[in-house]
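Okay, here's what each chain looks like letter by letter:
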Amino acid sequence: MTSCDAVGMGWHLRAETHLADLAGAQFYWDKDFAQWLPEIDGFGRARANLYLAGDGARLLGADAAEIAGRLAATACLRDMHLAAPDPTADLRRIDRMERFARAMQRAFPWPANMVRQADDATVLCRCEGVTAGDLRQAADWSGPEANRAKSLGRVGMGRCQGRYCQLAGAEVIAAKTGMRTEDVGRLRSQAPVRPVPISALIQDSSD
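Residues numbered from 1 in each chain as written. Predicted model: local features only at pLDDT ≥ 70, side-chain atom pairs only at ≥ 80, totals over all residues. Heavy atoms only, no water.

Student: It is not clear to me how the pattern of salt bridges should be interpreted in this structure. Could you clarify?
Tutor: Charged atoms that come close allow side chains of opposite charge to pair. Tallying each qualifying case throughout the model produces 18 salt bridges. Note that glutamate 16 and arginine 163 form a salt bridge whose closest N and O atoms lie 2.6 Å from each other. Of this pair, glutamate 16 sits in the segment before α1 (18-22) while arginine 163 sits in the loop between α6 (146-153) and α7 (166-177), and the two are 147 residues apart along the sequence. With a relative accessible area of 21%, glutamate 16 lands in the partly exposed category. Via salt bridges that share partners, Asp30, Asp32, Glu98, Arg102 and Arg106 belong to a single interconnected network. (Salt bridge = Lys/Arg side-chain N within 4 Å of Asp/Glu carboxyl O. Helix = DSSP H or I, 4+ residues; strand = E, 2+ residues; numbered from the N terminus. Buried < 20%, exposed > 50% of the residue type's maximum accessible area, 1.4 Å probe, protein only.)

In structure tokens, the structure reads:
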């Protein structure tokens with residue numbers, strides 16, 4: 001036993017889907033990765049003229065991201081009716097990588113029940129200092145909808161825009177309201193995707 005004042009937990013990496021969301025991609029709940037992910041075909045097409053690759057679509061590692069980039073470029077060339085390389089080998093490789101990633105997720109799944117049963121004092125949203133108890137109280141008013149709970153309880157409103165707390169918050173809301181996690185919904189992405197200084201958003205009058 002080791003005495004300590006606090007214990008923190010991080011669990012798995014998450015795909016960076018904010019840009020895909022702002023670009024108009026459709027999303028679905030992926031049970032293996034326990035995350036809302038953009039709908040794409042095998043080449044990374046999310047819709048007409050929108051191609052996703054790497055962490056913007058799936059979190060499969062650096063090698064898979066490189067392959068996904070080539071496949072997205074191939075899709076773009078094909079859609080413009082231009083010559084494109086044969087994608088067969090890349091499709092096989094990335095399929096094998098995704099099957100391995102899913103196997104790892106099943107072997108070490110997201111601890112949903114532990115998060116749902118978190119003590120009221122447990123901090124879920126570290127950016128805004130929102131605890132599990134705070135969110136449960138907000139859910140009394142918001143009901144089982146992630147964005148209403150965000151508006152009332154500020155979970156996911158901080159610097160990370162829900163990258164760290166969205167799923168934990170959804171689990172707590174789902175447990176409180178008797179819903180499935182995926183039915184709570186996902187937080188809407190907001191621009192800018194990353195924090196920027198105000199000076200970067202103000203156009204120079206001399207331009």
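Student: Would you mind showing me how to read the environment of alanine 25 here?
Tutor: As for its placement among the helices and strands, alanine 25 is situated in the loop between α1 and β1 (27-30). On the accessibility criterion, alanine 25 (5% relative accessible area) is buried. Separated by twelve residues in the primary sequence, alanine 25 and leucine 13 place their C-alpha atoms 21 Å from one another.

Student: What am I meant to see in helix α2 (residues 62-79) here?
Tutor: Along an α-helix, residues three or four positions apart point the same way, because every turn accommodates 3.6 residues. In this model α2 runs 26 Å from its N-terminal to its C-terminal C-alpha over 18 residues, within 8% of the 26 Å that 1.5 Å per residue would give. Along α2, the positions that sit buried rather than exposed are Ala64, Ile67, Ala68, Leu71, Ala72, Thr74 and Ala75. Taken around the axis of α2, the buried residues stretch over an arc of 160°, which confines them to a single face. Away from its buried face by more than 90 degrees, α2 exposes Ala62 and Glu66. Buried residues along α2 sit against β3 (45-47), β4 (50-51) and α3 (88-107). (Expected span 1.5 Å × (residues − 1). Arc of directions from axis to C-beta. Contact = heavy atoms within 4.5 Å.)

Student: I keep staring at empty space enclosed by the protein and nothing clicks. Help me out?
Tutor: Over the atoms, a rolling probe the size of a water molecule traces out where space has been left empty. Per the counting criterion, the structure on display carries two cavities of 30 Å³ or more. In this structure, the largest cavity encloses a volume near 50 Å³. As for the largest cavity, its lining consists of Ala146, Ala149, Val155, Cys165, Gln166, Gly169, Ala170, Ile173, Gly185 and Leu187. Counting residues per element, the ones that place at least two in the lining of the largest cavity are α6 and α7. The dominant element in the lining of the largest cavity, judged by the number of residues it contributes, is α7, at four residues. Partitioning the lining of the largest cavity into residue classes produces seven nonpolar, three polar and no charged. If you add up the space inside the second largest cavity, you get close to 30 Å³. Every residue lining the second largest cavity is listed: Ala15, Phe33, Gln35, Leu37, Arg58 and Leu59. (1 Å grid on protein atoms, 1.4 Å probe; cavity = no way out; pocket = protein on both sides within 12 Å on 5 of 7 lines; lining within 4 Å. Points joined across faces, edges and corners; volume = space filled by probe spheres on them. Nonpolar A, V, L, I, M, F, W, Y, C, P; charged D, E, K, R; others polar.)

Student: Explain the nonpolar core to me, please; I cannot follow it from the model alone.
Tutor: In this structure, Trp110, Leu124, Leu135, Val155 and Val184 are the most contacted members of the largest nonpolar core, which totals 22 residues. Residue assignment for this core shows that the elements contributing at least two residues are β5 (123-125), α5 (132-142), α6 and α7. When residues of this core are assigned to their parent elements, the largest contribution, six residues, is made by α7. Sequence-distant contacts of valine 184, that is, excluding residues within four places in its chain, are made with Pro144, Glu145, Ala146, Ala170, Ile173 and Ala174. The next biggest cluster of nonpolar side chains, apart from the first, holds twelve residues, and it includes Ala15, Ala68, Ile94 and Ala101. (Core = buried A, V, L, I, M, F, W, Y, C linked by side-chain atoms within 4.5 Å.)

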